[in-house]
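Residues per chain are reported as follows:
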Amino acid sequence: LAETLSERGVMTGLISDLYHQFKPTMNFTRGFVSYDYIRGQESDRVRSGPIRKIDLKPHLHPRDADLKRHSGYTQYLLNMLDRQGEEDYLPARVFRSAMRWIDDNVSQKPFYLHIESFAPHEFWDPPKAFADAYFKQDGVVDYLYPQFFQGRFPFNPDEIARTKALYYGYCTFVDRWIGRFMEKLDEHKLWDNTVVIFTSDHGTELWDNGQFGKSGVRQEDYNTRLNLVVRHPDRGFAGKRTDEFAMNIDLAPTVCKLLGVESAEPYDGQDLLPVLEGRAKSKHPHVIAGWADETFIRTPEYKLSLHSADPAKRTVLFDLVNDPKEREYVAAAKPGVVKELRG
């Protein structure tokens, strides 16, 4: 997308703290005229010391606070040593950089700015006040990366409530800084000619079925249904929702259409504007997605989740009409549906 746009005269920028994008061979910066890599997420190797300043006890089970066993945790805490206030947290750094990009490029139209905030992905690490607003209890460990420990140590009710609070607080903190970025659009009076698209990578499980985080074998909606919000100054779909299917492959052709750019090659996805306006139906009769060896096929009525290399290992079918919360496995009762969706 960035290459297509920049080759046709669009100013492109990438602001991201998603460190996977900057690993050798990934090349996600291709096509962006400028990019800013905000360092420090997860096990991004920004610092190697001083180890003496790292204490895992506030974040781990008391029997498990071993730096050598949790090098990723240790690396993240090392990366965060220099934080002094709210503006030093990673989401704030991302959106502060994005605000600066708007200041620098507001006159260079048309522009495409891609802001990638890794948060609220784990580590769930907001300023304490944001988590405390949802639940606070003295002596409760802050499991910033809770799925490391579930199954090994049982969570008590206070720990579950506090872990949820960390996530809620992080979402609220990210939301605050999205708001600061929106104020920058106010400042430059950009709302009359700017489209804002908000979407996500995946969801997460907040003890919905007795665990935290995502998993390839947990392809329920809380993990796989994504946010997609489009704010357009001219189109007549303000405040409307659609039940039509969309996938991430639709974003590139939609952005190109918005900017009046034609791609040299056809896209697999579709321009979503006619769908959002109610003038067209989605071209997707179903959604296909997955993670690692696991995949799923979702129709309006059913979701089939299976091991893509060997369906005999795991095949799960949900009847979404009668079981929208995806609690009951019905593959054995509906072999015809399983066969059709596998096909």
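The structure we're discussing is the one just above.
Everything numeric here is computed off the predicted structure, so don't read it as measured data.

## Observations concerning the packing of helix α3 (residues 90-105) against helix α5 (residues 157-187)
The interhelical angle for the contact between α3 and α5, taken along N-to-C directions, is 10°, at an axis separation of 9 Å. Looking at the two axes, α3 sits roughly parallel to α5. Contacts from P91, A92, F95, R96, A98, M99, I102 and D103 in α3 reach Y170, F173, V174, W177, I178, R180, F181, K184, L185 and E187 in α5.

## Structural notes on the pairing of strand β1 (residues 11-16)
For β1, the buried fraction is high: six of the six residues fall into the buried class. Side-chain alternation along β1 places M11, G13 and I15 on one buried face and T12, L14 and S16 on a second face that is also buried. For β1 and strand β3 (residues 111-116), the ladder comprises six bridges, and the chain directions are parallel. Looking at β3, one finds that M11 is bridged to F111. As paired elements, β1 and strand β2 (residues 34-37) share four bridges and run parallel to each other. Bridge pairing links I15 to D36 in β2.

## Concerning the sheet that holds β1
Spatial ordering of the open sheet is given by β2-β1-β3, a layout of three strands whose pairing is parallel. Looking at which strands have only one partner, the edges of the open sheet turn out to be β2 and β3. The sheet shows a mean angle of 5° between the axes of neighbouring strands, taken without regard to direction. Seen against the sheet, α3 touches β1, β2 and β3 and runs at an angle of roughly 170° to β3.

Criteria and cut-off values
Residues numbered from 1 in each chain as written. Predicted model: local features only at pLDDT ≥ 70, side-chain atom pairs only at ≥ 80, totals over all residues. Heavy atoms only, no water. Axes fitted to C-alpha atoms, helices over the stretch in contact; angles between N-to-C directions. Helix = DSSP H or I, 4+ residues; strand = E, 2+ residues; numbered from the N terminus. Parallel < 35°, antiparallel > 145°, perpendicular 65-115°, else oblique. Contact = heavy atoms within 4.5 Å. Buried < 20%, exposed > 50% of the residue type's maximum accessible area, 1.4 Å probe, protein only. Pairing = 2+ DSSP bridges.

In short, the description is geometric, and any link to function would need to be established separately.
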